[in-house]
There are 4 protein chains.
Amino acid sequence: MLESLKQEVYDANMSLPKLGLVTFTWGNVSGIDREKGLFVIKPSGVDYDKMKPSDMVVVNLKGEVVEGDLNPSSDTPTHTYLYNHFPKIGGIVHTHSPWAVSFAAAKLDIPAMNTTHADTFYGDVPAADALTKEEIEEDYEGNTGKTIVKTFNERGIDYEAIPAALVSQHGPFAWGETPAKAVYNAKVLEVVAEEDYHTMQMTMSNSRLPQYLLDKHYYRKHGANAYYGQNNAKSKTHAKHE
Amino acid sequence: MLESLKQEVYDANMSLPKLGLVTFTWGNVSGIDREKGLFVIKPSGVDYDKMKPSDMVVVNLKGEVVEGDLNPSSDTPTHTYLYNHFPKIGGIVHTHSPWAVSFAAAKLDIPAMNTTHADTFYGDVPAADALTKEEIEEDYEGNTGKTIVKTFNERGIDYEAIPAALVSQHGPFAWGETPAKAVYNAKVLEVVAEEDYHTMQMTMSNSRLPQYLLDKHYYRKHGANAYYGQNNAKSKTHAKHE
Amino acid sequence: MLESLKQEVYDANMSLPKLGLVTFTWGNVSGIDREKGLFVIKPSGVDYDKMKPSDMVVVNLKGEVVEGDLNPSSDTPTHTYLYNHFPKIGGIVHTHSPWAVSFAAAKLDIPAMNTTHADTFYGDVPAADALTKEEIEEDYEGNTGKTIVKTFNERGIDYEAIPAALVSQHGPFAWGETPAKAVYNAKVLEVVAEEDYHTMQMTMSNSRLPQYLLDKHYYRKHGANAYYGQNNAKSKTHAKHE
Amino acid sequence: MLESLKQEVYDANMSLPKLGLVTFTWGNVSGIDREKGLFVIKPSGVDYDKMKPSDMVVVNLKGEVVEGDLNPSSDTPTHTYLYNHFPKIGGIVHTHSPWAVSFAAAKLDIPAMNTTHADTFYGDVPAADALTKEEIEEDYEGNTGKTIVKTFNERGIDYEAIPAALVSQHGPFAWGETPAKAVYNAKVLEVVAEEDYHTMQMTMSNSRLPQYLLDKHYYRKHGANAYYGQNNAKSKTHAKHE
């Protein structure tokens, strides 16, 4: 069942330690088959070097396990909530990557300060509100998804243009069209968190990106007029030569 | 004698350089056989790449060597003191991991600022009092254990719920049910020390975890109601499907 | 066509991840054949582990692709501008290395604070002006080269003596006699950015290098009186012995 | 000639990149045969992966090359000066390790703040005076040794008890009984520089080690009463058991 998606989700999970995003088993990636309404997620607390593609757990959009011998990630309700409310995403990743966690603990957005940021995130990556005592006790993991969605709605953020969030006091979530793209975005988030920290320690004056530079870098890589990479028709201007 | 415990202690010692917790030979792990009242500890100053399981030294709870050709770790009296006063622990590790040492030198607790912390430590990891001149001259390593126990007693800290301490001016000690678990806790300590440092440089306002979040994350992984990982019956809610 | 230069440019690109200067594909190196007036550059957005020397793209000094099946780096117009205005350079590299980016985002020069800096850079490495809205919209990558050249001209900096620049809000560019030398300079820049950051956090008082020390270290490695390394006749004073 | 010392010096040089102490070729180790009055030093500017034991250069205590086809390190006059004025040392290392360089650029001693420091250095590691314009122009590398020796003399520091120094604006030198021991001391210096930096950013209050703790840790590893490691008779107290 969903064997190719399991492989894809497994591969994305295995890339987390290689990219320096996780310590021990502190991370999980999922990917969704939108037609079937089922997603595949890493099992809870299994060592990366023992995990197999067939260990991936299949879950429906009510958060119920549909196939799999192992418990799914304890963060499954967060993934479920996000898949239900961000209908265009295909993969989600949660890590405890240290620079993003440092910002989450400080309840600070990761500000758009350089073009590495603008290449992926079209504005500040928000620190969603910390959960209240009631939210934690009622449905901790579900409400973790809810605070992210609420923050995006309240601040009018497009979840496709800014495909990541911090949950205050907790850590980062990132998403994307595929599980691999979600992991890519999580890595960018960690890199720019580190860079922003150092910039912020040196100066806060004039270090926010202007809108026009955000526009330029973001749309250089995204949308109809993108011209970065090999998959577009716009950037190649061959000289006539014979 | 205690061959399987020697292997376990050897393995835990060998994991220290892999986890980036030690430079040269600056660390030691021990494990105890509570029934026999004997613990096994790394020899002093032996290179990791030359060390063998059979080099591990067996010590009794008076701190006397019972078996072994090599000197035990010079920190053996600290381990002895901790095993005598923390009767439920099965393994101890001491390292000079750099982020924890930076906090120890500053005589600062490693505060509970994020859920990575709360998953393992149910509150601030205390910086135990620095030893006085008299304590150092009288019995340095023994009193190193004593200051940890004294700090836990004075501050009413449960050593099972917060399985690590800093000794001010010196460095971290961690413990756990097994030598491997002690090393795991030492790694978490190093990770959260790094994260806390960066959070503290950005802001100190409102960056302490509330009690209810500490409760949630700690008890998600510990105790009767834990639901993280594969060894519990609570988290798995299979959908009825046929 | 230009097979040996393609190999050289390929090798220089492949050294970027080994030196820790790039994440994913965020970097590009080019090298020029001055006699032919053609330069060779990395293709856009190709993974390092899939890239081959034959993927390198040949471009003329108008920025037009002369040979190659892939799109050249989207930063090609920057390389073109620099080759046209810095006539003595043989290679250029652009990265998003994190320490240099942190300074670029803060719009701060990387100051000459130690002899590691002086060995390679004969003075502060300038943070070129950020591009205006008009410059970005008109010709982003071309104007990225233009702001570097303008800054060097306005401040009277010799581009051979200080073979690197930051573009504010963006990141570092470095150059040299060869592609390999450009990459070397980019690595030095990243190392001294990290060192300067830490020095600046501790103190700003008296931490700028005096001119005479800049002179000494720079000319120890450069010019007619250099005596570092094996390719000069000055430093070897053999004792008479038989 | 001095084949075994050449191997020893070669091995010590090769350990520098493994310990993360050098970038490119920015470091050099030497070792001395006190009876013959000759020392062996790394050649200048040779890549680590191409260097062979036979490339090591033999130099006398006037700084003259006695054997070797390659130029010796351009820092040879510093080594010569130190061997002449610190008669009990057997090996010297110079690196541009980044944390030590950050302190050197700030002209700050690396203060004794934790027991990792005290295990090796019996007090603050001094930042020797920066060279004056005249000293740089007259005999740069010789006067680099001279400023170290002058600082130790003026401040009454025992070069055996504190086997390292920073040269302000430049970087660290370390020494020891052997080339390998000098490299060990250089690594400790880098580790404690990093730790001290972070401690200093958190607090400067009460973070200097008291004399009695310096005494304890230093003499636990050094001198007649040392009891760390396997090469002493003091620490082993075998229980009588049969």
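These numbers were taken from a predicted model, which means no experiment stands behind them.

J.: Help me understand the UniProt feature "domain: Class II aldolase/adducin N-terminal" (unreviewed entry) in chain A in this model?
T.: The positions that UniProt labels "domain: Class II aldolase/adducin N-terminal" (unreviewed entry) are, in the present scheme, residues 7-197 of chain A. As annotated, residues 7-197 of chain A comprises 39% helix and 18% strand, and the C-alpha atoms at either end are separated by 36 Å.

J.: Just checking my understanding: could you explain the relation of the copies chain D and chain C for this structure?
T.: Each of the two copies of the chain can be brought onto the other by a rotation about an axis and a shift along it. Laying chain D over chain C is done by rotating through 90° and shifting 0.0 Å along the axis; what remains is an RMSD of 0.0 Å. Those values place the two copies in the arrangement expected of a four-fold rotation axis. Proximity to the rotation axis, assessed at the C-alpha, singles out Gln 201 of chain D in chain D; its C-alpha lies 5.7 Å from the axis. Mapped onto chain C, only 5% of the interface residues of chain D again fall at the interface, so the copies present different surfaces.

J.: How do you make sense of the packing of aromatic side chains when you look at a structure like this?
T.: Two numbers describe a pair of aromatic rings. These are the distance of the centres and the angle of the planes. Residues and elements named next belong to chain A. Following the criterion strictly, the structure yields 48 aromatic pairs over all chains and no others. The structure contains a cluster of three or more aromatic residues connected by ring pairs, namely Phe 86, Phe 152, Tyr 159 and Trp 175. Seen from the ring of Tyr 228, Lys 221 lies directly overhead, with NZ or CZ sitting 4.1 Å from the centre.

J.: Hey, could you run me through the packing of helix H7 (residues 211-221) of chain A against helix H5 (residues 133-154) of chain C in this one?
T.: Packed helices, taken two at a time, are described by the angle between their axes plus the distance between the axes. Where H7 of chain A contacts H5 of chain C, the axes come no closer than 9 Å and their chain directions differ by 25°. Between H7 of chain A and H5 of chain C, the angle falls in the class roughly parallel. Of the two possible hands of crossing, H7 of chain A and H5 of chain C adopt the one that is right-handed. Between H7 of chain A, through Tyr 212, Leu 213, Lys 216, His 217 and Arg 220 of chain A, and H5 of chain C, the contact on the second element is made entirely by Lys 133, Ile 136, Tyr 140 and Glu 141 of chain C. Across the contact of H7 of chain A with H5 of chain C, the residue classes break down as four nonpolar, one polar and four charged.

J.: Sorry, what's going on with the interface of chain A and chain B here?
T.: A common way to report how large an interface is uses the accessible area buried once the components associate. Tallying the contact residues gives 40 residues for chain A and 40 residues for chain B. Interface of chain A and chain B: buried area, both sides summed, is about 3,400 Å²; carbon and sulfur atoms make up 56% of it. By the criterion of area lost to chain B, the three top residues of chain A are Trp 26, Asn 71 and Gln 169 of chain A, representing 18% of everything that side buries. Seen at the junction of chain A and chain B, the total is two salt bridges. One salt bridge connects Asp 75 of chain A with Arg 220 of chain B, and the closest N-O pair in it is separated by 3.3 Å. In this structure, the connection of chain A to chain B is made through 16 residue pairs in polar contact (both at pLDDT 80 or more). At the level of secondary structure, the elements contributing two or more residues to the side of chain A that touches chain B comprise strand S4 (65-67), helix H3 (98-105), helix H5 (133-154) and helix H6 (179-202) of chain A. At six residues, the largest contribution of residues to the side of chain A that touches chain B is made by H3 of chain A. Its residues assigned to classes, the side of chain A that touches chain B shows 19 nonpolar, 15 polar and six charged.

J.: I tried to follow the environment of Gln 169 of chain D on my own but got confused; where do I start?
T.: Structurally, the position occupied by Gln 169 of chain D is in the loop between strand S7 (164-167) and strand S8 (171-176). The class of Gln 169 of chain D is buried, set by a relative accessible area of 5%. Considering only alpha carbons, one finds Gln 169 of chain D and Ser 102 of chain D, 67 residues apart in sequence, at a separation of 8.7 Å. What Gln 169 of chain D contacts, discounting residues up to four positions off in sequence, is Met 113, Asn 114, Thr 115, Arg 208, Leu 209, Pro 210 and Leu 213 of chain C together with Ala 104, Ala 105, Lys 107 and Ala 130 of chain D.

J.: Before we go on, may I ask you to explain unusual backbone geometry in this structure?
T.: Glycine aside, residues mostly have negative phi angles, and peptide bonds mostly take the trans form. Of note in this structure, Lys 107 of chain C is not a glycine but carries a positive phi near 55°. For Lys 107 of chain C, the location among the structural elements is in the loop between helix H3 (98-105) and helix H4 (115-118). On the basis of relative accessibility, which here comes to 34%, the residue Lys 107 of chain C falls in the partly exposed class. Of note, the phi angle at Leu 2 of chain D is positive, near 55°, even though the residue is not glycine. Relative to the helices and strands, Leu 2 of chain D resides in the segment before helix H1 (3-18). Given the relative accessible area of 13%, Leu 2 of chain D is considered buried.

J.: Hey, could you run me through the pattern of salt bridges in this one?
T.: Once their charged atoms are close, side chains differing in charge can pair, the charge on each being opposite to the other. A complete count under the given rule lists 48 salt bridges over all chains for this structure. Between Lys 52 of chain C and Asp 55 of chain C there is a salt bridge, with the nearest N and O atoms lying 3.4 Å from each other. When salt bridges with common partners are traced through the structure, they connect Glu 3, Lys 6 and Glu 67 of chain A into a single cluster.

J.: Looking at this structure, how should I read the sheet that holds strand S4 (residues 65-67) of chain C?
T.: Adjacent strands of a sheet form backbone hydrogen bonds with each other and so pair up, either parallel or antiparallel. Residues and elements named next belong to chain C. An order of S4-S3-S2-S1-S5-S8-S7-S6 is seen for the eight strands of this open sheet, with the pairing classed as mixed. With partners counted over all chains shown, the strands left at the sheet margins are S4 and strand S6 (127-128), one partner each. Examined bridge by bridge, strand S3 (residues 57-60) and S4 share two bridges and lie antiparallel to one another. Pairing of Val 58 across the sheet is with Glu 67, part of S4. Here H5 sits on the sheet in contact with S6, strand S7 (164-167) and strand S8 (171-176), set at roughly 120° to S7.

J.: Help me out: how do you make sense of the interface of chain D and chain C in this one?
T.: Listed by partner, the interface residues are 40 residues for chain D and 40 residues for chain C. For the interface between chain D and chain C, the tally reads two salt bridges. Ionic pairing is found between Arg 220 of chain C and Glu 141 of chain D, a salt bridge with its closest N-O pair at 2.6 Å. Run the count over chain D and chain C and you get 16 residue pairs in polar contact (both at pLDDT 80 or more). Listing elements by their share of the side of chain D that touches chain C, those giving two or more residues are strand S4 (65-67), helix H3 (98-106), helix H5 (133-154) and helix H6 (179-202) of chain D. Per-element accounting of the side of chain D that touches chain C gives the leading share, seven residues, to H3 of chain D. Here the residues of the side of chain D that touches chain C are counted per class, giving 19 nonpolar, 15 polar and six charged.

J.: I tried to follow the relation of the copies chain A and chain B on my own but got confused; where do I start?
T.: Once turned by 90° and shifted 0.0 Å along the axis, chain A lies on chain B with an RMSD of 0.0 Å. Of all interface residues in chain A, a mere 5% are interface residues in chain B too; the two copies therefore contact each other through different surfaces.

J.: In this structure, what is going on with the arrangement of the chains? I would like to understand it.
T.: Of all C-alpha pairs spanning chain B and chain C, none lies closer than 11 Å, and the two are not in contact. Separated throughout, chain A and chain D approach each other most closely at a C-alpha pair spaced 11 Å apart.

J.: Before we go on, may I ask you to explain helix H1 (residues 3-18) of chain B in this structure?
T.: Given 3.6 residues per turn, any residue in an α-helix points the same way as the ones three and four places further on. Over its 16 residues, H1 of chain B runs 23 Å from end to end, which matches the ideal 22 Å to within 8%, given 1.5 Å per residue. In this fold, the buried residues of H1 of chain B make contact with strand S1 (27-33), strand S2 (38-41), strand S3 (57-60), strand S4 (65-67), strand S5 (91-95) and helix H6 (179-202) of chain B.

J.: What exactly am I supposed to notice about helix H1 (residues 3-18) of chain A here?
T.: When we look at burial in H1 of chain A, the residues that qualify are Leu 5, Lys 6, Val 9, Tyr 10, Ala 12, Asn 13, Met 14, Ser 15 and Leu 16 of chain A. Taken together, the buried residues of H1 of chain A touch strand S1 (27-33), strand S2 (38-41), strand S3 (57-60), S4, strand S5 (91-95) and H6 of chain A.

J.: Please explain the pairing of S7 of chain D as it appears in this structure.
T.: Every other side chain in a regular strand lies on the same face of the sheet, so the side chains alternate between the two faces. Residue and element names in this part refer to chain D. Two strands pair when backbone bridges link them, and strand S6 (residues 127-128) and S7 are joined in this way by two bridges, in the parallel orientation. Each bridged residue has a counterpart across the sheet, and for Ala 127 the counterpart in S7 is Leu 166. Examined bridge by bridge, S7 and S8 share four bridges and lie antiparallel to one another. If you follow Ala 164 over to S8, its bridge partner there is Ala 174. Hairpin remark: S7 followed by S8, antiparallel, with three residues in the connecting loop; positive phi at Gln 169, about 70°.

Analysis parameters
- Residues numbered from 1 in each chain as written.
- Chains lettered and ligands numbered in written order.
- Predicted model: local features only at pLDDT ≥ 70, side-chain atom pairs only at ≥ 80, totals over all residues.
- Heavy atoms only, no water.
- UniProt positions renumbered as here; feature names shortened; annotations may be inferred.
- Helix = DSSP H or I, 4+ residues; strand = E, 2+ residues; numbered from the N terminus.
- Least-squares fit on C-alpha atoms with pLDDT ≥ 70 in both.
- Contact = heavy atoms within 4.5 Å.
- Phe/Tyr/Trp six-rings, centres within 6.5 Å; stacked < 30°, edge-to-face > 60°.
- Lys NZ or Arg CZ within 6 Å of the ring centre and 35° of its normal.
- Axes fitted to C-alpha atoms, helices over the stretch in contact; angles between N-to-C directions.
- Parallel < 35°, antiparallel > 145°, perpendicular 65-115°, else oblique.
- Left-handed = near helix turned anticlockwise from the far one by under 90°.
- Nonpolar A, V, L, I, M, F, W, Y, C, P; charged D, E, K, R; others polar.
- Buried area = accessible area lost by both parts, 1.4 Å probe.
- Salt bridge = Lys/Arg side-chain N within 4 Å of Asp/Glu carboxyl O.
- Polar contact = N/O pair within 3.5 Å; in protein donor to acceptor, adjacent residues only side chain to side chain.
- Buried < 20%, exposed > 50% of the residue type's maximum accessible area, 1.4 Å probe, protein only.
- Pairing = 2+ DSSP bridges.
- Expected span 1.5 Å × (residues − 1).

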